[in-house]
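Here is what each chain is made of, one letter per residue.
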Protein chains: 2
Amino acid sequence: MSSNDTDINNKKQPPVPEPTLYRLPIYLTYLKLAKKAGLQYVSSTLIAKEMGIDSTQVTKDLSHTAIVGKTRVGYQVDQLISVLETFLRFNSVDYGYLFGAGSLGTALLLDHGLAQFGFAIRAAFDVNPDKVGLNMGGVKIYHLDDFARLKEPEVNIGILTVPVDEAQRVTDIMVSGGIKAIWNFTSVRIKTPEDVVVQNTSLYAHLAVIFNRLHRES
Amino acid sequence: MSSNDTDINNKKQPPVPEPTLYRLPIYLTYLKLAKKAGLQYVSSTLIAKEMGIDSTQVTKDLSHTAIVGKTRVGYQVDQLISVLETFLRFNSVDYGYLFGAGSLGTALLLDHGLAQFGFAIRAAFDVNPDKVGLNMGGVKIYHLDDFARLKEPEVNIGILTVPVDEAQRVTDIMVSGGIKAIWNFTSVRIKTPEDVVVQNTSLYAHLAVIFNRLHRES
């Protein structure tokens, strides 16, 4: 979404623009469908047409991945799929913890889609005694107080799905425990040190857009 | 998210900008927390500080709701909460159907948060015989073939959580059945008539941003 706090320091190469990072997975999905339909090559013009955007945008987006299209035939579908999967890190695995095993949190534990895109939830943390000790979708729920002790070095992403009045407190616990990126599903703007990556995904803000547009139309 | 296809025809008053619609629910959450903490008035400067944005942006965003702040004291918290809830239609109810009761779809059926923001899922549709007839979170799952027959006039929103290779086909079924707004959770860019509202929410595209930013930092 547009209201995004993702930290983009210019440490190395210039950062890939956020709109590009949002579009690339959409291209990838289209390419997989095209492959299934038997296509071997696709042009940026064809991708653009399918996405409803301009073909120079597609070329520009794909230029970040360093793939080169052939004149007249375009990109080889297989190769472009593989390049995109690697570029987006969908074919390696990043690990995360879930903070807040309420209805949305539990929902994410049960969603197999995340695993398909290279994300594995290793454990969940909550404060509700009725939840601590349970196993949801193969993920064990621990008490939040045990997080600092249980934190594994390879787990850098934290999903935040706690109630809004706990959001900042749990954020502080995540950060002091060594979490480097927070996927914030709450509708609170959390405060973090500059080097922590924050991605805001507020489903209810998207709902606000739908309601507004729908009732303008009708 | 930025890659958004929401249709904004200029039929009536100029449309509220999408970034504003994303921010207003975040303000609302903050105001509810402020109220809980005992605040009676908030200034746009205070809201801005909490959100990490400019105060002129806050004033501009709130101007769409026609609320008026008092000089020196700012906005009355109770009143602003009520104005925002009405403006965002979070205190009335809109109805929707879910299309695709897979892991993400089921997750949404079980998330109580949607109801709190004025959205009620009336029924779900799927083609999997193991799912048809089940009841998930109080919502019955019907066969997709029964949608046209069961469509109720007051249900205008469809949530799309089907597999990617079914996304366009199911979109066409939704549209011809009278769905006016599609909340698209798939990573496919669906094609719809111009008067259908489409809101894209691709969780996996957000994951791509997190992976990219995290591995740039480390």
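Above this text sits the structure in question.
For the structure given in this document, a descriptive report is provided here. (Residues numbered from 1 in each chain as written. Chains lettered and ligands numbered in written order. Predicted model: local features only at pLDDT ≥ 70, side-chain atom pairs only at ≥ 80, totals over all residues. Heavy atoms only, no water.)

1. Details of the sheet that holds strand E7 (residues 155-160) of chain A
All names here are of chain A.
Point 1. Read from one edge to the other, the open sheet built from seven strands follows the order E5-E6-E4-E3-E7-E8-E9, with strand pairing classed as mixed. Looking at the sheet topology across the chains shown, the edges are occupied by strand E5 (135-136) and strand E9 (197-200).
Point 2. As paired elements, strand E3 (residues 94-99) and E7 share five bridges and run parallel to each other. For Tyr-95, the partnering residue across the bridge sits in E7 and is Val-155. (Pairing = 2+ DSSP bridges. Helix = DSSP H or I, 4+ residues; strand = E, 2+ residues; numbered from the N terminus.)

2. Observations concerning the nonpolar core
Point 1. In terms of nonpolar packing, the biggest core is built from 102 residues, with Ile-47 and Leu-62 of chain A together with Ile-47 and Leu-62 of chain B touching the most fellow members.
Point 2. For Ile-47 of chain A, the residues in contact, after removing those within four places along its chain, are Tyr-27, Tyr-30, Leu-31, Val-42, Val-58, Leu-62 and Leu-80 of chain A. (Core = buried A, V, L, I, M, F, W, Y, C linked by side-chain atoms within 4.5 Å. Buried < 20%, exposed > 50% of the residue type's maximum accessible area, 1.4 Å probe, protein only. Contact = heavy atoms within 4.5 Å.)

3. Brief notes about empty space enclosed by the protein
Point 1. Evaluation of the coordinates by the stated rule reveals one cavity of 30 Å³ or more.
Point 2. The computed volume of the largest cavity comes to approximately 50 Å³.
Point 3. Taken together, Leu-104, Ala-107, Leu-108, Phe-185 and Leu-203 of chain A together with Leu-104, Ala-107, Leu-108, Phe-185 and Leu-203 of chain B make up the full set of residues lining the largest cavity.
Point 4. Breaking the lining of the largest cavity down by element, the ones donating at least two residues are helix H5 (103-110) of chain A together with helix H5 (103-110) of chain B.
Point 5. For the lining of the largest cavity, the residue count by class is ten nonpolar, no polar and no charged. (1 Å grid on protein atoms, 1.4 Å probe; cavity = no way out; pocket = protein on both sides within 12 Å on 5 of 7 lines; lining within 4 Å. Points joined across faces, edges and corners; volume = space filled by probe spheres on them. Nonpolar A, V, L, I, M, F, W, Y, C, P; charged D, E, K, R; others polar.)

4. Re H5 of chain B
Point 1. Buried residues dominate H5 of chain B, accounting for six of its eight residues.
Point 2. Those residues of H5 of chain B lying buried are Leu-104, Gly-105, Thr-106, Ala-107, Leu-108 and Leu-109 of chain B.

5. Section: the environment of Leu-144 of chain A
Residues and elements named next belong to chain A.
Point 1. The topology assignment puts Leu-144 in the loop between strand E6 (139-143) and helix H7 (147-150).
Point 2. Among the residues examined, Leu-144 registers a relative accessible area of 8% and is labelled buried.
Point 3. Sequence-wise, Leu-144 and Ala-124 are 20 residues apart; in three dimensions their C-alpha atoms are separated by 8.5 Å.
Point 4. Excluding residues that lie within four positions of it along the chain, Leu-144 makes contacts with Phe-99, Phe-125, Asp-126, Val-127, Arg-169, Val-170 and Ile-173.

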